[in-house]
Amino acid sequence: VQSRNLKCAFALALCTIAAASARAEPARIPLQKGLVLSYSGFASEIPQQQTAGEMERVVEFLDRTAELLTLQIQFTDYAGDPKLRRQVLITRTVREKDMQSAHKVLFRFLADDPSNLPGLTLLHASKALLHDLVADGHSDFVFGNGPIGASGWFSALSRKYYRGVLNVVEPTVPIEILANGEKIAIPTIHVHGVLEVGDLTSDVEFWFSTDSDNPLIVRSQAKEGNWIQLVRADFPVAPAPEPPKAAGEKPPAPAPTIVEAQLAGPQCRTTLHGVYFDTGSVALLPASTPALQQVADMLKQHGDWSITIEGHTDNIGGEAYNLDLSNRRAQAVSDALSGQYGIAPAQLKTSGFGQTRPVDSNETIVGRAHNRRVELARKC
Amino acid sequence: MLTIAAAMRHAALATAALLAASCAFAADDPTDFSNLVPNKTVEQSLDALNAQNDPCKYAARKDVEAIVGAPMAIPPFRSVADRPEPQGTECRYLFKDFHAFSIVVSRQGGDKLFEALTGVNTTLDRKLETPGNLNRILPLEGEWDEVRATSDGGLVAIRGDSLVSVTLAGLALSREKVADLVNAIYRNLDHPLAVDGAAGVAAAREFDKTRPKPRPPCSLISRAAAEAVLGPLLGPPIETAKDCALSFHGPRSALMLGYVVKWRNVYSEYAMLRGVLTAAPKAAANNGEKPFDVLDAAAGPWEKGFQNGVLFVFIRHDVMLEISAPGVPVETVDKIAAAIVTQF
């Protein structure tokens, strides 16, 4: 145990160094398997309720090959009626050639769409679109979306294809997001277009990441008021290369994870990144699986550990609502660990703190995303 | 069956209404007469507008014949619901045996038409539990923003607010070939061809005269011919305006064989009916009813046919025979059908 704790301390130090050096480099989100993007936004068609119209959506990148990008969009569809609320998982693919060259972006998904629609990208600009905007200051563009201003990503019936020209407003705008729990500023290019289909007009703005390897839409906004913005990106970080092993040497035990290292550290506490809930609900989204698996593996390895799962929220919705929500979310994580991953209930306790322990400002969208979190505390 | 038939009628009506509505959208701008010579009469202006909206201006005859692999019977002509009309909003391309396809081009307001059309079909798909059967989005790359399959083997595509619809009647073209045609139409949208679809109407009306003539249904098979197959009838055939019923002795009880003949423009209906009935077993099973599988008809004097044990459908020369004969052996129905179809 002592040896493992030493390893944990070492891992923690490495993580701190890695995080510091990461901050020095240009902020990039790698478009790779395991990347999970969380968006927050406002859609007038979503019932206000306690979320005041603010909603979250999660996109998990399931695979990336030389030909195809596979992603899954995970969110709650309200269908205009809270009683019809249901979790929606939409798995779609984008051809790599379209990631390179398409000038058409789809923002609305239909129930009967095939898994791949050639000639367009989903929630991303293509490399060529970004290039045209940077080089020429404008580009032709087609935007597949719902009715005017709608930011709902899911529809049962139809969408429209708005056409027009995007013009650059500002070549570089940093937008702050949380990347694996750390605040970073992603450089974006801010563009505007008045797009049309028939007698409908869509006055839209986009902020595309200027990373040509991953020109994702960091923010989009319709003149009518709906907007959506990337607030969190969680992605696997490649482990440091191992030193060469001598012949016959036993392979070393796997390095402790950051979660394990922090729980083993002096604070006995960590924030569990990679846990995703539906907006205002306790339903865990599938993208939470790797994080829950990691905690389960850790608790099985440390059968003597007892942890408290803490739920925290932002301040939207009021104290009583948030206290209840945080308690139920903590319980949902505990239930998943014991029910799906076989962790002994005796190792798990739960506690909800609502909005009482913010780690960031509740005045910004990223701050609120930061405050909505699950922490783990080890009894030490 | 009644529910399906009612639903299909609804779909047909809805589609017709939508296509009719498209006439209103079809003009580039129906209120913009600025490109017309001043002092012309309104009538002349409308004629010019009508010519502008000619749906035959977007697909060249030679291209069409190359895609189909056969010569057309007559030049393309403007039509409404397959009937030649100088101001028709669809263009019909007619081949041997009245096989045809029609093109509808809606250069403005097509998005609304597309939305309504796909909405109706998606709703029908759900009601009939035939997901995507009437309205499947295809992963095909082309000039369009989105393209959907139709149950007759055709395509309906949208680019911005420009809709292109190709419906097939009796032609067995691959989706790829239809897609080639739709692509060609989109490429011609801004460069219309020098084709006058109204000029083909007269020839089309002449050609129509070669169609099988509608006749009273019971006149299509004599009582003696029916009894040669069914045995003695229990009474004379009972005829209404559209159908004919024959009653006869079955092995255990009296049986009835009733039929309806539809005399033109039925290839699409045939395809749609077959599509719905093919998907119906799932719906029937879900409702706890006995499912009826759809099987192709044996070879006969018809172009094609199918049956599900209750409903038997045959088609020839754009005329469709629907026989309802629960409990009657397939071979018996086929013999009656052969006698009727040869009269088309």
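Our structure is the block above this text.
Computed from a prediction, not measured in an experiment: that's the story for all the values here. (Residues numbered from 1 in each chain as written. Chains lettered and ligands numbered in written order. Predicted model: local features only at pLDDT ≥ 70, side-chain atom pairs only at ≥ 80, totals over all residues. Heavy atoms only, no water.)

Description of empty space enclosed by the protein
Residue and element names in this part refer to chain A. Quick note on the threshold: Think of a 1 Å grid over just the protein atoms. A cavity is a set of points where a 1.4 Å probe fits yet cannot get out, a pocket is an open set with protein on both sides within 12 Å along at least five of seven lines, and lining residues have an atom within 4 Å of a point. Grid points are joined across faces, edges and corners, and a volume is the space filled by probe spheres set on the points. In this description a helix means any DSSP run of H or I spanning at least four residues, a strand means any run of E spanning at least two, and both kinds are numbered starting from the N terminus. Residues are grouped as follows: nonpolar covers Ala, Val, Leu, Ile, Met, Phe, Trp, Tyr, Cys and Pro; charged covers Asp, Glu, Lys and Arg; every other residue, Gly included, is treated as polar.
With the rule as written, the count across this model stands at seven cavities of 30 Å³ or more. Of the pockets and cavities examined, the largest cavity occupies roughly 260 Å³. Lining the largest cavity are 20 residues; nearest its centre among them are Arg232, Val275, Ala369, Arg372 and Arg373. Contributions of two or more residues to the lining of the largest cavity are made by β2 (54-64), β16 (307-312), α7 (365-371) and β18 (373-378). When grouped by side-chain class, the residues that make up the lining of the largest cavity number eight nonpolar, seven polar and five charged.

As for the state of the cysteines
Residues and elements named next belong to chain A. Test applied: Working definition: a disulfide is two cysteine sulfur atoms within 2.5 Å of each other.
One pass over the structure, following the stated rule, counts three disulfides over all chains. One disulfide bridge connects Cys268 with Cys380, the sulfur atoms lying 1.8 Å from each other. A torsion of 115 degrees about the S-S bond marks the disulfide between Cys268 and Cys380 as right-handed. Linking Cys268 in the loop between α4 (258-264) and β15 (269-271) with Cys380 in the segment after β18, this pair joins segments that are 112 residues apart in sequence.

A look at the packing of aromatic side chains
Residues and elements named next belong to chain A. Spelled out, the test is: Each pair of aromatic rings taken from Phe, Tyr and Trp, with Trp reduced to its six-membered ring, is defined by centres within 6.5 Å and is described as stacked if the planes are under 30 degrees apart, edge-to-face if over 60, and tilted in the remaining cases. Accessible area is worked out with a 1.4 Å probe on protein chains only. A residue is then buried under 20% of its type maximum, exposed over 50%, and partly exposed in between. The criterion is that NZ of a Lys, or CZ of an Arg, lies within 6 Å of the ring centre and within 35 degrees of the ring normal, and then a charge sits over that ring.
What the rule picks out here adds up to 12 aromatic pairs over all chains. When the ring of Phe141 is compared with that of Phe206, the centres are 5.4 Å apart and the planes differ by 70 degrees; the resulting orientation is edge-to-face. Pair noted here: Phe141 is in strand β8 (residues 138-145) and Phe206 is in strand β12 (residues 200-209), with a separation of 65 residues, a long-range link. Both residues of the pair, Phe141 and Phe206, belong to the buried class. Members of the aromatic cluster, each reached through a chain of ring pairs, are Phe107, Phe141, Phe143, Phe206 and Phe208. Taking NZ or CZ as reference, Arg378 lies 4.7 Å from the ring centre of Trp305, over its face.

What about helix α9 (residues 330-341) of chain B?
Since there are 3.6 residues in each turn of an α-helix, residues three or four apart along the chain are aligned in direction. Quick reminder of the rule: Given the number of residues in a helix, its expected span is that number minus one, multiplied by 1.5 Å.
For α9 of chain B, spanning 12 residues, the distance from its first C-alpha to its last is 16 Å, which sits close to the expected 16 Å at 1.5 Å a residue. Residues of α9 of chain B that are buried: Thr332, Val333, Asp334, Ile336, Ala337, Ile340 and Val341 of chain B.

Quick word on the environment of Asp63 of chain B
Residue and element names in this part refer to chain B. Under the convention used in this document: Any pair of nitrogen or oxygen atoms within 3.5 Å is treated as a polar contact; in protein, a donor-acceptor pairing is required on top of that, and neighbouring residues in sequence qualify only through side-chain atoms on both sides.
One can find Asp63 in helix α3 (residues 61-68). Classification of Asp63 by relative accessible area gives partly exposed; the value is 34%. Distance from Asp63 to Ala184, taken between C-alpha atoms, is 8.6 Å for residues 121 residues apart in sequence. Looking at Asp63, its side chain comes within polar contact range of the side chain of Lys62, at 3.4 Å.

With respect to the sheet that holds β16 of chain A
Residue and element names in this part refer to chain A. Put simply, the test is: Between any two strands, at least two bridges found by DSSP are needed for them to pair. Geometry is summarised by axes, namely lines fitted to C-alpha atoms with helices restricted to the contacting stretch, and by angles between N-to-C directions that run from 0 to 180 degrees. Any two residues having at least one pair of non-hydrogen atoms within 4.5 Å are treated as being in contact.
Reading across from one edge, β15-β18-β16-β17 is the order of the four strands in this open sheet, with mixed pairing throughout. Here the strands that pair on one side only, and so sit at the sheet edges, are β15 and β17 (348-352). Ignoring which end each strand starts from, the neighbouring axes of this sheet average 20 degrees apart. One ladder, built from five bridges, connects β16 with β17; its direction is parallel. When the sheet's bridge partners are listed, Ile309 is paired in β17 with Thr350. Packing against the sheet, helix α6 (residues 319-341) makes contact with β16, β17 and β18, and its axis sits at approximately 165 degrees to β17.

Structural notes on the interface of chain A and chain B
Stated formally: Whenever a carboxyl oxygen of Asp or Glu lies within 4 Å of a side-chain nitrogen of Lys or Arg, that contact is scored as a salt bridge.
The interface of chain A with chain B comprises 24 residues on the first partner and 21 residues on the second. Run the count over chain A and chain B and you get seven salt bridges. Ionic pairing is found between Arg95 of chain A and Glu141 of chain B, a salt bridge with its closest N-O pair at 3.0 Å. At the junction of chain A with chain B, the criterion picks out nine residue pairs in polar contact (both at pLDDT 80 or more).

A word on the pairing of β12 of chain A
All names here are of chain A. Among the 10 residues that make up β12, seven are buried, leaving the element largely enclosed by the rest of the structure. Relative to β12, strand β11 (residues 182-197) is paired through 10 bridges, and the arrangement is antiparallel. Bridge pairing links Val197 to Leu200 in β12.

Concerning the sheet that holds strand β15 (residues 319-324) of chain B
All names here are of chain B. An order of β9-β10-β11-β15-β14-β13-β12 is seen for the seven strands of this open sheet, with the pairing classed as antiparallel. Two strands lie at the open edges of the sheet, namely β9 (238-239) and β12 (295-296), each paired on one side alone. Contacting β11 (254-262), β13 (304-307), β14 (311-316) and β15, α9 runs over the sheet at an angle of about 30 degrees to β14.

Here's the deal with the packing of helix α5 (residues 289-301) of chain A against α6 of chain A
Residue and element names in this part refer to chain A. Rules: Throughout this description, any angle smaller than 35 degrees is read as roughly parallel, any larger than 145 degrees as roughly antiparallel, any in the 65 to 115 degree range as roughly perpendicular, and the remainder as oblique. Here is the rule for handedness: rotate from the far helix to the near one, and if that takes an anticlockwise turn smaller than a right angle the crossing is left-handed, while a clockwise turn gives right-handed.
Axis separation between α5 and α6 bottoms out at 10 Å; the angle between their running directions is 70 degrees. Taken as axis vectors, α5 and α6 run roughly perpendicular relative to one another. The way α5 lies across α6 gives a crossing that is right-handed. Residue-level inspection shows Thr289, Leu292, Gln293, Val295, Ala296 and Lys300 of α5 in contact with α6, the latter providing Val333, Ala336, Leu337 and Tyr341. Grouping the amino acids of the contact of α5 with α6 by side-chain chemistry returns seven nonpolar, two polar and one charged.

A few points about the nonpolar core
Put simply, the rule is: Side-chain atoms within 4.5 Å link the members of a nonpolar core, which is a set of buried Ala, Val, Leu, Ile, Met, Phe, Trp, Tyr and Cys residues.
In terms of nonpolar packing, the biggest core is built from 65 residues, with Ile29, Leu37, Phe206 and Phe208 of chain A touching the most fellow members. Beyond its immediate sequence surroundings of up to four residues, Phe206 of chain A is in contact with Phe141, Phe143, Leu166, Ile189, His190, Val191, Ile217, Arg219 and Ser220 of chain A.

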